[in-house]
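One letter stands for each residue in the lines below.
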Amino acid sequence: MPSNTLSPPVPAAVLCGLAGWVPPRVVTNDELAERLDTDDTWIRTRTGIRRRHVAEPGQATSDLAVEAGRLALRSAGTDSADAVIVTTTTPDRPCPATAPVVATRLGLAGAAAFDIGAVCTGFVYGLATAAGLISSGVARRVLLIGADTYSTIVDPVDRTNAIIFGDGAGAVVLRAGHADEPGAVGHFDLGSDGAHEDLITVAAGGSRQRSTGGEPTRAERHFAMRGKEVYRHAVTRMAASARTTLAAAGWKTDDVDHFVPHQANLRILHSVADDLDLPRERCVANIDAVGNTGAASIPLALADAVARQRIRAGDRLLLTAFGGGLTWGSCLMTWPEPAPHL
């Protein structure tokens, strides 16, 4: 006989903790100009960046992730999580994943722990993955950390890329809750196009390069990006993804209080906002102070905006990112009340 018992609602992922952490060492444009054929005005005009933070020698991605993770757990008022996700392009080692050691150092040994590699889209992919763990009942609380040390893969004498990237980590704690409560993360759009894998690469270190034998060149060991093509794809893919996500939720661009994009380049951020007919003042940006921090950039931008009280409870947010792969993704959320304590 059919049962009249109603199934319990599927839990939603609700943001309840937030933190960012960057290494203390600051590298200004003037310092870069001492070794590169450039100057402060040239860098700021083309990227919007004034300075960036760089890890000290011997400091790895896991070290940054642990700092951000610890602060995020404190923000959430908890010392436990059922799963730890680290999204990064610069893992401590090709094997094993970085997340298990981060979990153990945070006192979370025994929790599920794994890495996500989606380059600069990693944090949005991580949000979707964490939401899936929670909605499926696998986890009640997830610690998601975006962390990158691009200084370890960018050639310090590469004038094109050395001016853009910085090191940092940002983290959020997500708990099981209800889809209609503030802080719930939902309405995702994720995509990829591997036909353009060559636009953003580190050629050496993986099975493709290793299987060919021989020592990699200096260029192959470092990060490479075809800037003009990346710019075009980034604007097109981010804007399209944002529109898809807004349509899925029934939102219009006027409903968005804050646009929080991956902090790739200030020109890209403004171009995407313009494409979406969003006023540029709604674009949350802290790239001037930290540079492009890869998977860490969105949570770092969120933490900065919350600390400055720019984002408040009830504000509606659109998050959008683009990275190597190619990958892209977007999601929506309403900022929780009470807001995470930083």
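All residue numbers refer to position in the chain's written sequence, counted from 1. In keeping with the model being predicted, local features are shown solely for residues with a pLDDT of at least 70 and side-chain atom pairs are shown and tallied solely at 80 or more, while totals for entire chains, interfaces and linings include all residues. Side-chain calculation: all heavy atoms of the structure are included, whereas hydrogens and water are not.

Trainee: Please give an account of the overall build of the protein chain that cites residues and values.
Mentor: When helices and strands are tallied, the protein chain shows twelve helices and 13 strands. Here the globule rule is a power law, 2.2 Å times the number of residues to the power 0.38, and the radius of gyration is based on C-alpha atoms. In terms of overall size, the protein chain behaves like a compact globule, its C-alpha atoms giving a radius of gyration of 20 Å where 342 residues would be expected to give roughly 20 Å. Its C-alpha atoms give the protein chain principal-axis dimensions of roughly 75 × 45 × 40 Å. Residues classed as buried in the protein chain amount to 51% of the 342 residues present. Numbering of helices and strands runs from the N terminus; a helix is a DSSP stretch of H or I covering at least four residues, while a strand is a stretch of E covering at least two. Accessibility here uses a 1.4 Å probe with only protein chains present; expressed as a share of the type maximum, an area under 20% marks a residue as buried, one over 50% as exposed, and anything in between as partly exposed.

Trainee: I'd like a rundown of the sheet that holds strand S11 (residues 258-261), residues and numbers included.
Mentor: With mixed pairing, the four strands of this open sheet are ordered in space as S8-S13-S12-S11. Looking at strand neighbours, the two that pair on one side only are strand S8 (185-192) and S11, the edges of this open sheet. Adjacent strand axes in the sheet meet at a mean angle of 15° when their direction is disregarded. Should DSSP find at least two bridges between two strands, the strands are taken to pair. Across eight bridges, strand S12 (residues 316-323) lies against strand S13 (residues 327-334) in antiparallel orientation. Bridging from a neighbouring strand, Arg316 pairs with Thr334 of S13. Only the stretch in contact is used when fitting a helix axis, every axis being a line fitted to C-alpha atoms; angles between N-to-C directions are given from 0 to 180 degrees.

Trainee: Can you tell me about the pattern of salt bridges, naming the residues and giving the values?
Mentor: Here, a salt bridge means any side-chain nitrogen of Lys or Arg that lies within 4 Å of a carboxyl oxygen of Asp or Glu. One pass over the full model with this rule turns up 14 salt bridges. Note that Asp275 and Arg243 form a salt bridge whose closest N and O atoms lie 2.5 Å from each other. One end of the pair, Asp275, is in helix H10 (residues 266-275); the other, Arg243, is in helix H9 (residues 227-249), and 32 residues separate them in sequence. Given the relative accessible area of 34%, Asp275 is considered partly exposed. Asp304 serves as the salt-bridge partner of Arg308, at 3.0 Å between the closest nitrogen and oxygen.

Trainee: Please set out unusual backbone geometry residue by residue, giving values where relevant.
Mentor: Along the chain, Cys95 connects to Pro96 via a cis peptide bond; the corresponding omega equals 5°. Inspection of the secondary structure puts Pro96 in the loop between strand S4 (83-87) and helix H4 (99-105). Geometrically, the link from Gly325 to Leu326 is a cis peptide bond, its omega value of -10° lying close to zero. Examined against the element boundaries, Leu326 turns out to sit in the loop between S12 and S13. Positioned with a positive phi, His187 is a non-glycine residue whose angle comes to about 55°. With respect to the secondary-structure elements, His187 resides in strand S8. Here the phi dihedral of Gln309 falls at roughly 60°; this positive angle occurs in a residue that is not glycine. Looking at the secondary structure, you find Gln309 in the loop between helix H12 (297-307) and S12.

Trainee: Residues and numbers for the packing of aromatic side chains, please.
Mentor: By convention, a stacked pair of Phe, Tyr or Trp rings (six-membered ring in the case of Trp) has centres within 6.5 Å and planes under 30 degrees apart, an edge-to-face pair has planes over 60 apart, and any other such pair is tilted. Under the definition given, this model contains three aromatic pairs. Taking the centre distance of 4.5 Å and the plane angle of 15° together, the rings of Tyr150 and Phe165 count as stacked. Here the residue Tyr150 occupies a position in the loop between strand S6 (141-149) and helix H6 (159-162), and Phe165 occupies one in the loop between H6 and strand S7 (167-177), the gap between them amounting to 15 residues. Each member of the pair, Tyr150 as well as Phe165, carries the same accessibility label: buried. Relative to Phe223, the ring of Tyr150 lies with its centre 5.7 Å away and its plane at 80°, an arrangement referred to as edge-to-face. Of the two residues, Tyr150 sits in the loop between S6 and H6 while Phe223 sits in strand S10 (residues 223-225), which places them 73 residues apart along the sequence. The structure contains a cluster of three or more aromatic residues connected by ring pairs, namely Tyr150, Phe165 and Phe223. We call a charge positioned over a ring when the NZ of a Lys or the CZ of an Arg lies within 6 Å of the ring centre and within 35 degrees of the ring normal. Across from the ring centre of Trp42, 4.0 Å away, lies the NZ or CZ of Arg159, which sits over that ring.

Trainee: I'd love a proper account of the sheet that holds S4, names of residues and values included.
Mentor: What the five strands build is an open sheet, ordered S1-S7-S6-S4-S5; its pairing is mixed. A strand with exactly one partner marks an edge of an open sheet, and here the two such strands are strand S1 (12-21) and strand S5 (112-116). Strand-to-strand twist of the sheet, defined as the mean angle between neighbouring strand axes without regard to direction, takes the value 20°. Here S6 runs beside S7; their pairing, made up of nine bridges, is antiparallel. In the strand pairing of S7, Thr149 is matched with Asp167. The contact criterion used throughout is that any non-hydrogen atoms of two residues lie within 4.5 Å. Packing against the sheet, helix H3 (residues 61-76) makes contact with S1, S6 and S7, and its axis sits at approximately 125° to S1.

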